[in-house]
Amino acid sequence: QAILSSDEQARAARFHFDKDRNHYIVARGVLRTLLGSYLKSEPRSLQFSYNSYGKPALNSATHDAHVRFNLAHSHGLALYAFTRGREVGIDVEYMKTDIDPLALARHSFSPAEQAALRSLPTEDRLQGFYNGWTRKEAYIKARGIGISLGLDRFDVELKPGQPAALLHSREDPREPECWTLIELDPGEGYAGALAVEGHGWSLDCFHWQNG
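Conventions we followed
- Residues numbered from 1 in each chain as written.
- Predicted model: local features only at pLDDT ≥ 70, side-chain atom pairs only at ≥ 80, totals over all residues.
- Heavy atoms only, no water.
- Helix = DSSP H or I, 4+ residues; strand = E, 2+ residues; numbered from the N terminus.
- Rg over C-alpha atoms; globule rule 2.2 N^0.38 Å.
- Buried < 20%, exposed > 50% of the residue type's maximum accessible area, 1.4 Å probe, protein only.
- Phe/Tyr/Trp six-rings, centres within 6.5 Å; stacked < 30°, edge-to-face > 60°.
- Lys NZ or Arg CZ within 6 Å of the ring centre and 35° of its normal.
- Arc of directions from axis to C-beta.
- Contact = heavy atoms within 4.5 Å.
- Polar contact = N/O pair within 3.5 Å; in protein donor to acceptor, adjacent residues only side chain to side chain.
- Pairing = 2+ DSSP bridges.
- Axes fitted to C-alpha atoms, helices over the stretch in contact; angles between N-to-C directions.

## Some words on the overall build of the chain
A tally of helices and strands in the chain yields 5 helices and 9 strands. Helices (α) and strands (β) of the chain occur, in sequence order from the N terminus, as α-α-β-β-β-β-β-α-α-α-β-β-β-β. For 211 residues, the compact-globule formula gives about 17 Å, and the C-alpha radius of gyration of the chain, at 18 Å, lands near that figure. Taking the principal axes of the C-alpha coordinates as reference, the chain spans close to 50 × 40 × 30 Å.

Below is the structure:
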C-alpha cells in the first residue's frame, strides 16, 4: 500500500469489503513493482494517465510511453502483460461450473459465436464459453475502448483445441489482420487469453514472487 499513489490509496479506501480492497492494493502494488523493475524506476514514482474509457498508461511526460501494460485478476490469481510499442490486453477468469454457458452467451456473444458454442459437445461448452469470454475481453482491453465496442460486433475462435484468433470484425474487416490472440493456461480451473497488436513478436512467461 505504501507504494501506491494518493489517488490509488483513495480509491482503495472506497472499497466496502476488505477482500476487494486488499485485492486492489496488491494488484496495483505488484503492477508498480514490476513496471519499476522494467523501467529501473522507483515504483512509488510512476505516474499513470487514463484514456476516456479508463485504460491506464504510463504518463508520457515522465516515463517511456512505449512500454504498454495490462492486468487482470480473478479468484485470487493475477496476470500481467508488458510490451514495448504494441497495444496489449490480457484476461483471466476462474471457470465457475454452476453456470449455463448457452444462456450467458446469448447476452455477450455474437450470433456466430453462439452457434459455434451450441455445436460443441455438452462437456466442452464450459471451456468453449470461457475461451470465448477471455479472448473477447483481452481484445477489447487491448483496444482500450471497453464494451463500447459491442461484444457482438466481432467473432473469436472459441472451440477447444483450435488456436485462439480474432476471426471477423463487423466494425472494420481489417481488424483480424492487426491482432494476435493467444490462449493462456494460468492454472487448473482458470482460462486466460492475451491480445497483442501486430505479429512477429515472442512471448516470455514468468511466475513472480515478492522477494
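## Some remarks on unusual backbone geometry
Not every positive phi belongs to a glycine, and Lys40 is a case in point at roughly 55°. Tracing the backbone shows Lys40 in the loop between helix H2 (18-39) and strand S1 (48-50). The class of Lys40 is exposed, set by a relative accessible area of 76%.

## Describing the packing of aromatic side chains
What the rule picks out here adds up to 9 aromatic pairs. Geometrically, the ring pair formed by Phe129 and Tyr130 is edge-to-face, given 5.2 Å between the ring centres and 80° between the ring planes. Accessibility expressed as a relative area gives 5% for Phe129, which makes it buried. Given a relative accessible area of 6%, Tyr130 falls into the buried group. When the centroid spacing of 4.8 Å and the interplanar angle of 65° are considered together, the rings of Tyr139 and Phe154 count as edge-to-face. With Tyr139 in helix H5 (residues 125-143) and Phe154 in strand S6 (residues 154-156), this residue pair connects regions lying 15 residues apart in the sequence. Cluster of aromatic residues (ring-pair linked, three or more members): Phe109, Phe129, Tyr130 and Trp133. A cation sits over an aromatic face here: Lys136 above Phe154, 3.9 Å from the ring centre.

## Regarding helix H3 (residues 101-108)
Here H3 has its buried residues at Pro101, Ala105 and Ser108. Taken around the axis of H3, the buried residues stretch over an arc of 75°, which confines them to a single face. Seen from the buried face of H3, the exposed residues on the opposite side, beyond 90 degrees, are Arg106 and His107. Packed against the buried residues of H3 are helix H4 (111-118) and H5. For H3, the capping residue at the N-terminal end is Asp100, with a side-chain oxygen 3.2 Å from the backbone nitrogen of Leu102.

## Remarks on the sheet that holds strand S8 (residues 179-184)
Ordered by their spatial adjacency, 3 strands build an open sheet running S5-S9-S8, and the pairing between neighbours is antiparallel. Every other strand in the sheet has two partners, leaving strand S5 (88-94) and S8 as the edge strands with one partner each. Neighbour-to-neighbour, the strand axes of this sheet turn through a mean angle of 15°, independent of strand direction. Looking at chain direction, S5 and strand S9 (residues 190-197) are connected through 7 bridges and run antiparallel. What sits directly across from Gly89, in S9, is Ala195. Against the sheet, H5 touches S5, S8 and S9, its axis set at about 150° to S5.

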